[in-house]
Amino acid sequence: MPETIFTKILRGEIPCHRIYEDEHVLAFLDINPISRGHTLVIPREPAETLDQLSAESAAAIGRVLPRIARAVLEVTGAKDFNILQNNGAAAHQAVFHVHFHIIPMHADGTGLGIEWRPGKLADGAELASSIAGKL
Ligand code: AMP
């Protein structure tokens, strides 16, 4: 995988506002926050997208996400938040190293804006069984 700016942050070559780190995970403040407290949680493992990430790194992120989110909420005073995780350029991924955004939604309305376009589920049984068949 080609190196990204997050590789350099992981190596300490580029500064960041560090919030948490362990053997598998690093969390730091987003440099262009959508809202106050916007935090990124990344694996040390160099995977571009979530589907390429090992179960071990995924589990390590899953273990600390709620804890980091609680700390962000406590400090910023936000009660609501979004977890955003983009994969692929068409899905708005700009840095090709897996990362989870923690984006507080503040009382003044600053936070993640989402355009949600719900459709109708037509072939649920077939689709679910096809996906289940791959697991
Ligand atoms: P995404 O669009 O999901 O790939 O988001 C990438 C995020 O990385 C954006 O929110 C950027 O503001 C953030 N970002 C890029 N470079 C840095 C950096 N050097 N330090 C902190 N956050 C960064």
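Below is a summary of the structure that appears in this document. Note that the coordinates shown come from a computational prediction; the quantities given were computed from them, not determined experimentally. (Residues numbered from 1 in each chain as written. Predicted model: local features only at pLDDT ≥ 70, side-chain atom pairs only at ≥ 80, totals over all residues. Heavy atoms only, no water.)

**Examining the environment of Ile 31**
Here is step 1 of the chain: Turning to its location among the elements, Ile 31 is positioned in the loop between strand 2 (25–29) and strand 3 (39–43).
Here is step 2 of the chain: Relative accessible area serves as the criterion here: at 74%, Ile 31 is assigned to the exposed category.
Here is step 3 of the chain: Residues Ile 31 and Gln 52, 21 residues apart in the sequence, show an inter-C-alpha distance of 25 Å. (Helix = DSSP H or I, 4+ residues; strand = E, 2+ residues; numbered from the N terminus. Buried < 20%, exposed > 50% of the residue type's maximum accessible area, 1.4 Å probe, protein only.)

**Description of the nonpolar core**
Here is step 1 of the chain: The biggest cluster of nonpolar side chains holds 16 residues, and the ones touching the most others in it are Val 25, Val 41, Ile 61 and Ile 68.
Here is step 2 of the chain: Breaking this core down by element, the ones donating at least two residues are strand 2, helix 2 (55–76) and strand 5 (100–105).
Here is step 3 of the chain: Considering each element in turn, this core owes the most residues, seven residues, to helix 2.
Here is step 4 of the chain: Residue contacts for Val 41: discarding those within four places in its chain leaves Val 25, Leu 26, Ala 27, Ile 61, Leu 65, Ile 68, Val 98, His 99, Phe 100 and Ile 102.
Here is step 5 of the chain: Listed in part, the eight residues of the second largest apolar core include Ile 9, Phe 28, Ile 42 and Val 95. (Core = buried A, V, L, I, M, F, W, Y, C linked by side-chain atoms within 4.5 Å. Contact = heavy atoms within 4.5 Å.)

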